[in-house]
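Letter by letter, the chains look like this.
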Amino acid sequence: MPKFTSKNIQKELSENRVWPVYWVYGPEQLKVRELVHRIKSAHLKNIPSEQLPLSCEIFDAEECDAHT
């Protein structure tokens, strides 16, 4: 998977291009949370309401290891 900056990801989301997996990291937690929110919103927008997922899993690197 290619490496993107926050601006690249936001541009792709505005063009309705969503990757199946994102690995978001950085020292600025507010920016990370905002980007995760934008990704989730863009992803759910593309799914018909009858097919919405029952759950969404977010792993925090401070709380789990890389194996998880």
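Residues numbered from 1 in each chain as written. Predicted model: local features only at pLDDT ≥ 70, side-chain atom pairs only at ≥ 80, totals over all residues. Heavy atoms only, no water.

Student: Can you break down the nonpolar core residue by residue, with the values?
Tutor: Counting six residues, the largest nonpolar core consists of I9, L13, Y22, L35, I39 and A42. At the level of secondary structure, the elements contributing two or more residues to this core comprise α1 (6-14) and α2 (29-45). (Core = buried A, V, L, I, M, F, W, Y, C linked by side-chain atoms within 4.5 Å. Buried < 20%, exposed > 50% of the residue type's maximum accessible area, 1.4 Å probe, protein only. Helix = DSSP H or I, 4+ residues; strand = E, 2+ residues; numbered from the N terminus.)

Student: Account for α1, with residues named and values stated.
Tutor: Looking at α1, one finds that the buried residues are I9, E12 and L13. In a view along the axis of α1, the buried residues occupy a sector of 100 degrees, so they form one face of it. Opposite the packed face of α1, turned more than 90 degrees from it, sit the exposed residues K7 and S14. (Arc of directions from axis to C-beta.)

Student: I'd like a description of the pattern of salt bridges, backed by residues and values.
Tutor: As enumerated under the stated definition, the model contains five salt bridges in all. E12 is paired through a salt bridge with R17; the nearest N and O atoms lie 3.8 Å apart. R17 sits in the partly exposed class, given a relative accessible area of 42%. The closest approach of N and O atoms between E28 and K31, which form a salt bridge, is 3.5 Å. With a relative accessible area of 44%, E28 lands in the partly exposed category. For K31, a relative accessible area of 57% puts it in the exposed group. By sharing partners, the salt bridges in this structure join K11, E12, E15 and R17 into a single network. (Salt bridge = Lys/Arg side-chain N within 4 Å of Asp/Glu carboxyl O.)

Student: Tell me about α2, residues and numbers included.
Tutor: Compared with an ideal rise of 1.5 Å per residue, which puts 17 residues at 24 Å, α2 spans 24 Å between its outermost C-alpha atoms and is within 8% of the ideal. Packing partners of the buried residues in α2 comprise α1. (Expected span 1.5 Å × (residues − 1). Contact = heavy atoms within 4.5 Å.)

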